[in-house]
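Coordinate inspection notes
Residues per chain are reported as follows:
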Amino acid sequence: MPLYPQIEPYEHGMLDVGDGNRVYWETCGNPRGKPAVVLHGGPGSHANAYFPRLFDPAAYRIVLLDQRGCGRSTPSASAYETDMSVNTTAHLIADLELLRRHLGIGRWLVWGVSWGSVLGLRYAQTHPGSVSELVLTGVATGSNAEVALLTRGLGKLYPEAFEKFLAGLPEGEREGNLAAAYNRLLESPDPGVRERAARAWTDWETAAAALPPRSVPRYEDPEFRMRFARTVTHYWGNDHFLGEDNDDGVVLRDAHLLKDIPGTLVQGGLDFGNLLGIVWRLHHAWPGSELVMVDEVGHDAGAPGMGDALVAATDKYARA
């Protein structure tokens, strides 16, 4: 199924969510349509114009937001003085509920990509009455095992890039959680230390986060690079703020709480998360979920075939 045409928002605003944070949001499509909220990845990325093209604009009221510290939300996580202690999974879930009420929405379909799938799953587990369906891609659950795979584990596949990645850390910081070690550098009062750490982190992301490997132009923007690296290491280095028993995954443990929520999981067959069986385990633990695999695609919601599968999912739920 082809993507829908690009559309412009008909409404937007900045929502005061407390703690000095204002979250940017916008709505597009049909103001009287089925509500759907889009959760971007990262943590540390932002909403973009591709996401609404996955929804029928005549059928959906599409809500996009930039999560705390991201995109057009303020203050930006790229600024050293921004307080990251008030940027956690619990804060982002509370922001979603505040936005839902602000927009007068009862229940909405939750669409999430990568980190957005983690956030969407945990939001649905803790606020099931607010979620009508889930459509998730680049599926992750935020477990410590996934963080270990995407940092240290992939070093076996990309040894040269991994050697450079480790070299960006002091010798005494090269064991244990590498994201936490990089986050300590990214919180340094020395801007030079922060800038080198952000570059080293995004160089590793560029080398190892996608299959096939490809350049990522957004990492050449210093503001984005700092915001992204600081935010993702903040979450990855702190158990995704899901609790201390997150080694195998709090989200997977609580998958049974999704039993009354229909969902579609659209996953690239070459997504590195598949090495841990995450999406299969989630699908089998979640009654009523559907798993759609797209061959020869990695962790990329915009790859050929992914858009078709995602549009098919949202079209199906538009009729629900």
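Remember, it's a predicted structure, so these values are computed and weren't measured experimentally.

**Side note on the nonpolar core**
Within the largest apolar cluster, 69 residues are counted, with the highest numbers of intra-cluster contacts made by Leu134 and Trp201. Discounting chain neighbours no more than four positions away, the residues touching Trp201 are Thr151, Phe165, Leu178, Ala179, Tyr182, Phe228, Ala229, Val232, Thr233 and Trp236. Within the second largest apolar cluster, 26 residues are counted, among which are Cys28, Leu54, Ala303 and Leu310.

**Focus: helix α6 (residues 191-208)**
For α6, spanning 18 residues, the distance from its first C-alpha to its last is 26 Å, which sits close to the expected 26 Å at 1.5 Å a residue. Within α6, burial applies to Gly192, Arg194, Ala197, Ala198, Ala200, Trp201, Thr202, Trp204, Glu205, Ala207 and Ala208. Against α3 (144-150), α4 (159-167), α5 (178-186) and α7 (222-236) lie the buried residues of α6. Two to three positions downstream of the cap, the backbone nitrogen of Gly192 sits 2.8 Å from a side-chain oxygen, assigning the N-cap of α6 to Asp190.

**What about the layout of surface pockets?**
Approximately 1,100 Å³ is the volume attributed to the largest pocket. Along its surface, the largest pocket is lined by 50 residues, and Gly42, Ser114, Glu205, Arg218 and His299 are the ones closest to its centre. Mapped onto the lining of the largest pocket, the elements with two or more residues apiece are α2 (115-126), α3, α6 and α7. Grouping the amino acids of the lining of the largest pocket by side-chain chemistry returns 25 nonpolar, 19 polar and 6 charged. Lining the second largest pocket we find 13 residues, and of these Ser78, Arg194, Glu195, Pro222 and Met226 sit closest to its centre. At the level of secondary structure, the elements contributing two or more residues to the lining of the second largest pocket comprise α6 and α7.

**Points about the packing of aromatic side chains**
Taken as a whole, this structure holds 16 aromatic pairs when the rule is applied. On the numbers, 5.2 Å between centres and 75° between planes, the contact of Phe55 with Tyr60 is edge-to-face. Tyr60 shares its class with Phe55; the two are buried. Judged by centre distance (4.9 Å) and plane angle (5°), the ring pair of Phe165 and Tyr182 falls under stacked.

**Comments concerning the packing of α4 against α6**
Running from N to C, α4 and α6 cross one another at 165°; their axes reach a closest spacing of 9 Å. With respect to each other, α4 and α6 are oriented roughly antiparallel. The interaxial crossing formed by α4 with α6 has left-handed handedness. Residues Ala161, Phe162 and Phe165 of α4 touch α6, and the partners they reach there are Ala200, Trp201, Trp204 and Ala207. A breakdown of the residues in the contact of α4 with α6 according to their chemical character gives 7 nonpolar, no polar and no charged.

**Describing the packing of α5 against α6**
Where α5 meets α6, the closest approach of the two axes is 8 Å, and the angle between their N-to-C directions is 150°. Contacts between α5 and α6 pair Leu178, Ala179, Tyr182, Leu185 and Leu186 from the former with Val193, Arg194, Ala197, Ala198, Ala200 and Trp201 from the latter. Per-class residue counts for the contact of α5 with α6 are 10 nonpolar, no polar and 1 charged.

**Observations regarding the side chain of His234**
Mapping His234 onto the fold places it in helix α7. According to the relative accessible area criterion, His234 is buried, its value standing at 8%. In contact with His234, other than residues within four places in its own chain, are Met84, Asn87, Asn183 and Phe241.

**Examining the environment of Ala36**
You can see Ala36 is positioned in strand β3 (residues 34-39). On the accessibility criterion, Ala36 (0% relative accessible area) is buried. For Ala36 and Val135, which are 99 residues apart along the polypeptide, the C-alpha to C-alpha distance reads 9.9 Å. Those residues in contact with Ala36, other than ones at most four positions away along the chain, are Phe55, Tyr60, Arg61, Ile62, Val63, Trp108 and Leu109.

**Some points on empty space enclosed by the protein**
Tallied over the full model, the rule gives 2 cavities of 30 Å³ or more. Here the largest cavity defines a volume of roughly 40 Å³. Lining the largest cavity are Val23, Leu65, Asp66, Gln67, Arg68, Leu92, Asp95, Leu96 and Leu119. Per element, the largest residue contribution to the lining of the largest cavity is 3 residues, and it comes from helix α1 (residues 89-102). The residue inventory of the lining of the largest cavity, partitioned by class, reads 5 nonpolar, 1 polar and 3 charged. The space that makes up the second largest cavity amounts to roughly 40 Å³. Lining the second largest cavity, in full, are Asn21, Arg68, Gly69, Pro75, Thr82, Asp83, Met84, Val86 and Asn87. Residue classes in the lining of the second largest cavity are distributed as 3 nonpolar, 4 polar and 2 charged.

What counts and how
Residues numbered from 1 in each chain as written. Predicted model: local features only at pLDDT ≥ 70, side-chain atom pairs only at ≥ 80, totals over all residues. Heavy atoms only, no water. Core = buried A, V, L, I, M, F, W, Y, C linked by side-chain atoms within 4.5 Å. Buried < 20%, exposed > 50% of the residue type's maximum accessible area, 1.4 Å probe, protein only. Contact = heavy atoms within 4.5 Å. Helix = DSSP H or I, 4+ residues; strand = E, 2+ residues; numbered from the N terminus. Expected span 1.5 Å × (residues − 1). Polar contact = N/O pair within 3.5 Å; in protein donor to acceptor, adjacent residues only side chain to side chain. 1 Å grid on protein atoms, 1.4 Å probe; cavity = no way out; pocket = protein on both sides within 12 Å on 5 of 7 lines; lining within 4 Å. Points joined across faces, edges and corners; volume = space filled by probe spheres on them. Nonpolar A, V, L, I, M, F, W, Y, C, P; charged D, E, K, R; others polar. Phe/Tyr/Trp six-rings, centres within 6.5 Å; stacked < 30°, edge-to-face > 60°. Axes fitted to C-alpha atoms, helices over the stretch in contact; angles between N-to-C directions. Parallel < 35°, antiparallel > 145°, perpendicular 65-115°, else oblique. Left-handed = near helix turned anticlockwise from the far one by under 90°.

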